[in-house]
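The lines below spell out each chain.
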Amino acid sequence: DDGGCSCGLTSSLQAAREAEAVAATGSSGQGHVFLDGVAGEDGRPACKCNTCFGGANCSLLTPNCTADASSRRVPSSCNCWCSGNPMFLEPYWVRHGAASAVVVSGWHRMSYRTTDGMFQSIELEKQIRELHRAVGNAVVDDKHLVFGAGSTQLINVLVYALSPDADYDASPPARVVATVPYYRPYKSQTAMFDGPQYKWDGATAVWVNATRNSTKSFIEFVTSPNNPDALLHQPVLGGSAVIVDRAYYWPHFTHIPAPADEDVMLFTMSKPSGHAGSRLGWALIRNEKVAKKAYQYVQNSIMGASRDTQLRMLGIVKAILTGQPPRAEWFVATGWNGLGRSQPVKSPVSASFGNGIWSGFEPILRLTRAHGEEDIFAFGHDVMRSRWRRLNAVVSRSRRISLQKIPPQFCTYFKRIRVPSPAYAWVKCEREENQDCHEALLKANIITRSGVENEAGSRYTRVSLLKSDDDFDVLLERITDLVNEENHEAPGSNPL
């Protein structure tokens, strides 16, 4: 007796058939077929090609293709920050399609609210806390957790939550600052919402010599590891409220010296798992009053993160922790969101999310499996360290450009010295005539993001290493061409 809760497998089987129909669409390996892809004349979704590939099955390589390490091919009017697109993890989820797939029924969570009248999943919150414990990158036991639509929304949520209440507090507006080079949305988000409780006030360097009392009204953004240069940072203003952005504080991007334990920390699912399009971020907040204010902001603005997103991310986090399939009868929507290579797999058990046989697993078993051979962080680190090593090998032959220096350091997660594997290369143009590094690399068919956007100056530019293997291969080819040209140029010439 199922207590009247089972609806049978009819909807799951239908979804599986749709997935199989898409899976039958051929592709060369340089693209994917998505269930929601643009349909061709035959009514079937077409193959979405990777950068520099085209044709009906994405098998045609574009000659002399420009390396896009910034995603600036979108219209300039679109203030897009999607160069942090972590497509390097896509092969992992292709390989683990069954273990990460989730069926979303038409009647799933139709209400605005979830469990106990909340706007966020209690079970997902529990699993995220378990993920932090498994990785050892954050102390979670004494903190409240607030979901948002990606960390982008939570930037302003946290500024608002830490600012004085304009209706009841006569205090001046909080001054929001960050250390150069900083993540530009801190400035753009604060300026765009333009609340009476806060204002953007520039770089911390202007205020670093101020007394502790004079910085009490400040909100300081600290990004650690930093975006764009990947260095671990600490607050520089004494007495200020601090928001520590820990988006990249995961073992595939940086060493983990100890669990982070700041009062306010910001995370996003796009970086540990790669699921940027699902738009889920969370804040860990020690103070209950600040947490309630943040939760109310999200509630009043979007009524909580998407319930469909929360369900999918619940399955993804459980897959990361256990290496086992999420709790569903059939697996249809793959973890990488492309259905061209998936197969529906029958689950060995019949149990629902959160209240089935899986929920009785001992945490120690689940945490141990996160360090196994199918560990996503080991996979991610292998990919990123290889990219960093290959890029360094090429750039080391250049006198025109240089990269940031990151020493190998001990990581508590891997329990060994780990070599660097940053998300971005922070490139500096060394020659006096190359004042604008972004433009210099653009002439070499490499699209980057200018350091002017981080207030670091035009000598610097950011190169994303997070994209697909095809993107990185084209990038490395263009960098190699640039360095080879430099080594063969005539003395005193300036090809850029």
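So, a few notes on the structure that sits alongside this text. (Residues numbered from 1 in each chain as written. Predicted model: local features only at pLDDT ≥ 70, side-chain atom pairs only at ≥ 80, totals over all residues. Heavy atoms only, no water.)

**Quick notes on the overall build of the protein chain**
Helix and strand content of the protein chain: 11 helices and 19 strands. Put simply, of all contacts in the protein chain between residues at least 6 apart along the chain, 69% involve residues at least 24 apart. For the protein chain, the exposed surface amounts to about 22000 Å²; the carbon and sulfur share of it is 53%. (Helix = DSSP H or I, 4+ residues; strand = E, 2+ residues; numbered from the N terminus. Contact = heavy atoms within 4.5 Å. Areas by Shrake-Rupley, 256 points an atom, 1.4 Å probe, with all protein chains shown as cover.)

**As for the sheet that holds strand E6 (residues 144-148)**
Pairing is mixed across the open sheet formed by seven strands, whose spatial order is E6-E12-E11-E10-E9-E7-E8. The two strands at the open ends of the sheet, each matched to only one other strand, are E6 and strand E8 (198-203). For this sheet the average axis-to-axis angle between neighbouring strands, irrespective of direction, equals 25°. Across four bridges, strand E7 (residues 174-178) lies against strand E9 (residues 218-223) in parallel orientation. If you follow Ala 178 over to E9, its bridge partner there is Phe 221. Set on the sheet, helix H4 (residues 150-162) makes contact with E6, E7, E8, E9, strand E10 (241-245), strand E11 (264-268) and strand E12 (281-285); between it and E11 the angle comes to about 165°. (Pairing = 2+ DSSP bridges. Axes fitted to C-alpha atoms, helices over the stretch in contact; angles between N-to-C directions.)

**Section: the state of the cysteines**
One pass over the structure, following the stated rule, counts three disulfides. The disulfide bridge from Cys 49 ends at Cys 58, spanning 2.2 Å between sulfur atoms. Taking the sign of the S-S torsion, -85° for the link of Cys 49 and Cys 58, the bridge is left-handed. Residue classification places Cys 49 among the partly exposed positions, given a relative accessible area of 25%. (Disulfide = S-S within 2.5 Å. Buried < 20%, exposed > 50% of the residue type's maximum accessible area, 1.4 Å probe, protein only.)

**Considering the pairing of E8**
Across a regular strand the side chains alternate sides, sitting on one face of the sheet and then on the other. Bridge count for E7 against E8 is four bridges, and the pairing is parallel. Within E8, the position partnered with Arg 175 by the bridge is Lys 199. Of the crossover connections in this fold, the one passing from E7 over helix H5 (residues 185-193) to the parallel E8 is right-handed. (Right-handed = clockwise from strand over helix to strand, strands pointing away.)

**Topic: the packing of helix H9 (residues 376-395) against helix H11 (residues 469-488)**
At a closest axis distance of 9 Å, the pairing of H9 and H11 adopts a crossing angle of 15°. Comparing their axes, H11 and H9 come out roughly parallel. For H9 against H11, the interelement crossing comes out left-handed. Residues Arg 387, Arg 390, Leu 391, Val 394 and Val 395 of H9 touch H11, and the partners they reach there are Asp 469, Phe 472, Asp 473, Leu 476, Ile 479, Thr 480 and Val 483. Considering only residue class, the contact of H9 with H11 consists of seven nonpolar, one polar and four charged. (Parallel < 35°, antiparallel > 145°, perpendicular 65-115°, else oblique. Left-handed = near helix turned anticlockwise from the far one by under 90°. Nonpolar A, V, L, I, M, F, W, Y, C, P; charged D, E, K, R; others polar.)

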